[in-house]
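Residue-level structure breakdown
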Amino acid sequence: MTMKDDDIIRLIENFKFDAGPVAVERRNRGFTLIHAETGVPIARLRPIGRDDLVDILYWSLSKEQWVPFGPFRRMAARVEQAASIIAEAAIFWTGV
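First, a word on scope: everything that follows refers to the structure included in this document. (Residues numbered from 1 in each chain as written. Predicted model: local features only at pLDDT ≥ 70, side-chain atom pairs only at ≥ 80, totals over all residues. Heavy atoms only, no water.)

Thoughts on the packing of aromatic side chains
In the structure shown here, the tally under the stated rule is five aromatic pairs. On the numbers, 4.8 Å between centres and 55° between planes, the contact of Phe15 with Phe17 is tilted. Consider the rings of Phe69 and Phe92, whose centres lie 4.9 Å apart with planes at 50°: the pair is tilted. One end of the pair, Phe69, is in the loop between strand E5 (65-68) and strand E6 (76-78); the other, Phe92, is in the segment after helix H2 (79-88), with 23 residues separating them in the sequence. Residue class for Phe69 comes out buried when judged on its relative accessible area of 17%. Here Phe92 falls in the buried class, since its relative accessible area comes to 2%. Three or more aromatic residues link up through ring pairs in this structure, and these residues are Phe15, Phe17 and Trp93. Here Arg26 stacks its cationic end above the ring of Phe31, 4.7 Å away from the centre of that ring. (Phe/Tyr/Trp six-rings, centres within 6.5 Å; stacked < 30°, edge-to-face > 60°. Helix = DSSP H or I, 4+ residues; strand = E, 2+ residues; numbered from the N terminus. Buried < 20%, exposed > 50% of the residue type's maximum accessible area, 1.4 Å probe, protein only. Lys NZ or Arg CZ within 6 Å of the ring centre and 35° of its normal.)

Right, here's the structure in full:
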């Protein structure tokens, strides 16, 4: 069963990020994760349309745009896995 938008938002907002609370906004074709206390963009999850997989992107301070994350410039994961990846990778938290 495919996750609905509200399920994805609830899962991410309830995830315990060590760097603080995260808010989620549905934008365009994906979800933008924002540090709830500072308003700094952290990550973007873009559904790829199968098996509840999402592309993971981070906000590049130098390019001022969303950039694919991963060893091959793209990483897809289930939402739960994506939240864990975001929580552990320092690149998502550089601007916080």
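What follows picks up the thread again.
A word on the pairing of strand E3 (residues 41-47)
Sheet topology note: the strand E2 (residues 30-35)/E3 ladder contains four bridges and is antiparallel. Directly across from Phe31, in E3, lies its bridge partner Leu45. Linking E2 to E3, which pair antiparallel, is a turn of five residues; within it Gly39 sits at a positive phi near 80°. Of the strand pairs in this sheet, E3 and strand E4 (residues 53-60) are connected by five bridges, and their pairing is antiparallel. In the strand pairing of E4, Pro47 is matched with Val54. The antiparallel pairing of E3 with E4 creates a hairpin that spans five residues between the two strands, and Gly49 there sits at a positive phi of about 90°. (Pairing = 2+ DSSP bridges.)

Some details on unusual backbone geometry
The phi torsion at Asn28 lies on the positive side, around 45°, for a residue other than glycine. Residue position: Asn28 is located in the loop between strand E1 (22-27) and E2. Not every positive phi belongs to a glycine, and Glu64 is a case in point at roughly 50°. With respect to the helices and strands, Glu64 occurs in the loop between E4 and E5.

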